[in-house]
Protein chains: 2
Amino acid sequence: MTRPNRPQTRPHSRVEIRQHNEATILSAAEKVFAEAGFGGATMQLIADMAGLPKANLHYYFPTKEALYRRVVEDIFQIWLHAADSFDAAEGPAEGIGAYIDAKMEISRAHPAGSKVWASEVMHGAPVIQDYLETTLRDWTAGRVAVINRWISEGKMAPVDGDHLMYMLWATTQHYADFGHQIEVLNGGPLSDADWQAAKTSVKEVVLRGIGVI
Amino acid sequence: MTRPNRPQTRPHSRVEIRQHNEATILSAAEKVFAEAGFGGATMQLIADMAGLPKANLHYYFPTKEALYRRVVEDIFQIWLHAADSFDAAEGPAEGIGAYIDAKMEISRAHPAGSKVWASEVMHGAPVIQDYLETTLRDWTAGRVAVINRWISEGKMAPVDGDHLMYMLWATTQHYADFGHQIEVLNGGPLSDADWQAAKTSVKEVVLRGIGVI
DNA sequence: TCTTTTTCTGACCATATGGTCAAGTTGAGG
DNA sequence: CCTCAACTTGACCATATGGTCAGAAAAAGA
């Protein structure tokens, strides 16, 4: 045997412990906040799901609100990066198509995160109001500018850029936020094929709707 | 002066009192549940907003959950009636166009209700699961059947009926559920003209997207 | 007017929850 | 080893909350 330079059983260095526990707590918190909302979530529930004593949560995150804030901020970052595909595109068919794909993937991979975000915004964005007013506002203005450029270049139909963005967000996030309703109507969880069909349907209607099909 | 057969100051008959108080409580509850979620809402807050002592709420609605249930059920009814315009239509341009109009009007007139519904579904529909499985399921199947008929008659492009319904719900309800975010990006509340533009944009993209423009 | 039924409400209670703390345990550095 | 700092956690506390209740007030009916 080679020497066990990285022990598999107990890799408990200080930084490892911290990273691992924070990640575990954040993951559990995301689920609980998504399922119960901020008010309905309890630190005890999060602690149980994380497999840690409640007091330990307060060691890493001083208050429930601080923990919630971290969850929302992390989601926001993931959420913003979906725009990368948008920017690198030559025209709307490629750019918006890729953006829909990316956002649908996020809805599938991070449904809890999307729900927390939705809940936060629905309740008036008490903790990320500043993000809305700065980061999101600038971000949106940038995408709308791209859309307007495409329109002026005759690459797509002249639709309102802001409302188009809202449509993209709404349609894609709906599959996460209203996933439960969709599953009920679908008669069970969406299969790989179902998700493919969803992506195809959304892209088809939207892309034809902006005149690029 | 004519005789005051209907006294303006104190029309306090038994049924009037009951109707008035129930309506007041339900209205206040809708707002508070929308703003704070079920878990974050408190009976005291609802009571204050309704201008009644807390104990009085429990006289009309035995528990917080019973009150919440009534709020959700009332919303669901309004929500379903938006389909009337859908059914009476000859073709998709008229039917789906009218449905979008109706749902946009609801988003504008009952944003709190829409949020409560969204929150309920996001949390796994703990109180209206049966409605989803029965009423909503049948309702949706009916509309999808109409869509498929239109498709088979060549009146619109062959898009998946279920996913089209999801798109309609998502795009229209987004203006209620994410109204706060939209207002921030818009730089203030949506004016009449803004709402008109929103309706026009949504209808334009969707109707062109299903090939009826 | 008198009785009955409904409505109203301040005071109260049991419980749950966010958060604290002091005493332990464990890894890191010397 | 030994010391120190980081981490862990059971027990505890103050508060807030959903819900109860007994008695007052008011309307309906006789």
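In the block above lies the structure referred to throughout.
What comes next concerns the included structure. All figures in this text were calculated on a predicted structure; none of them were measured in a lab.

Cut-off values and rules
- Residues numbered from 1 in each chain as written.
- Chains lettered and ligands numbered in written order.
- Predicted model: local features only at pLDDT ≥ 70, side-chain atom pairs only at ≥ 80, totals over all residues.
- Heavy atoms only, no water.
- Buried < 20%, exposed > 50% of the residue type's maximum accessible area, 1.4 Å probe, protein only.
- Helix = DSSP H or I, 4+ residues; strand = E, 2+ residues; numbered from the N terminus.
- Arc of directions from axis to C-beta.
- Contact = heavy atoms within 4.5 Å.
- Axes fitted to C-alpha atoms, helices over the stretch in contact; angles between N-to-C directions.
- Parallel < 35°, antiparallel > 145°, perpendicular 65-115°, else oblique.
- Left-handed = near helix turned anticlockwise from the far one by under 90°.
- Nonpolar A, V, L, I, M, F, W, Y, C, P; charged D, E, K, R; others polar.
- Buried area = accessible area lost by both parts, 1.4 Å probe.
- Salt bridge = Lys/Arg side-chain N within 4 Å of Asp/Glu carboxyl O.
- Polar contact = N/O pair within 3.5 Å; in protein donor to acceptor, adjacent residues only side chain to side chain.
- Near = heavy atom within 4 Å.

Residues and elements named next belong to chain B. All buried positions along helix α2 (residues 43–50) are accounted for by Met-43, Ile-46, Ala-47 and Ala-50. Buried residues of α2 fall within an arc of 100° about the axis and therefore sit on the same side. Structurally, α2 contributes buried residues whose contacts are with α1 (14–40), α3 (54–60) and α4 (64–81). Looking one or two residues past α2, Gly-51 carries a phi angle of roughly 70°, positive in sign.

Residue and element names in this part refer to chain A. Where helix α7 (residues 111–122) meets helix α9 (residues 161–177), the axes come as close as 8 Å, and the angle between the chain directions of the two elements is 110°. Put simply, α7 runs roughly perpendicular to α9. The two elements α7 and α9 cross, and the hand of that crossing is left-handed. Side by side, α7 and α9 meet where Pro-111, Ser-114, Lys-115, Trp-117 and Ala-118 of the first sit next to Gln-173, Ala-176 and Asp-177 of the second. Here the residues of the contact of α7 with α9 are counted per class, giving four nonpolar, two polar and two charged.

Our next topic: the interface of chain B and chain A. Listed per partner, the contact involves 54 residues of chain B and 54 residues of chain A. Of the roughly 4500 Å² buried where chain B meets chain A, counting both sides, 68% is carbon and sulfur surface. In this assembly, chain B and chain A are joined by zero salt bridges. Summed over the shared surface of chain B and chain A, the number is twelve residue pairs in polar contact (both at pLDDT 80 or more). Mapped onto the side of chain B that touches chain A, the elements with two or more residues apiece are α1, α7 (111–122), α8 (129–152), α9 (161–177), α10 (179–186) and α11 (192–209) of chain B. Taken together, the residues of the side of chain B that touches chain A sort by class into 27 nonpolar, 18 polar and nine charged.

Looking now at α10(B). What α10(B) keeps buried is the set Gly179(B), Gln181(B), Ile182(B), Val184(B) and Leu185(B). Packing partners of the buried residues in α10(B) comprise α7, α8 (129–152) and α9 of chain A together with α9 of chain B. Just downstream of α10(B), Gly187(B) is the residue with a positive phi angle, here 75°.

Our next topic: the protein's contact with DNA strand C. Surrounding DNA strand C, one finds 20 residues, the nearest of these being Lys54(A), Lys64(A), Arg18(B), Tyr59(B) and Tyr60(B). Put simply, 60% of the atoms of DNA strand C that lie within 4 Å of the protein are in sugar or phosphate. In this structure, Asn21(B) approaches DNA strand C through a side-chain N or O atom, which is 3.0 Å from a phosphate oxygen. Between a phosphate oxygen of DNA strand C and a side-chain N or O atom of Tyr59(B), the distance comes to 2.3 Å. Sorting the residues of the surface near DNA strand C by element identifies α3 (54–60) of chain A together with α1 and α3 of chain B as the ones contributing at least two each.

We now examine the pattern of salt bridges. Oppositely charged side chains can pair when the atoms bearing their charge come close. Inspection of every chain in the model, using the stated rule, returns 21 salt bridges over all chains. For Glu153(A), the salt bridge is made with Arg149(A), and the minimal N-O distance between the two is 3.6 Å. A relative accessible area of 41% means that Glu153(A) is categorised as partly exposed. Glu22(B) is the salt-bridge partner of Arg18(B), the closest N and O atoms lying 3.8 Å from each other. Of this pair, Arg18(B) and Glu22(B) are both found in helix α1, four residues apart, which corresponds to roughly one turn of the helix. Of the residues examined, Arg18(B) reaches a relative accessible area of 38% and is grouped as partly exposed.

As far as function goes, none of this settles anything; it's purely spatial.
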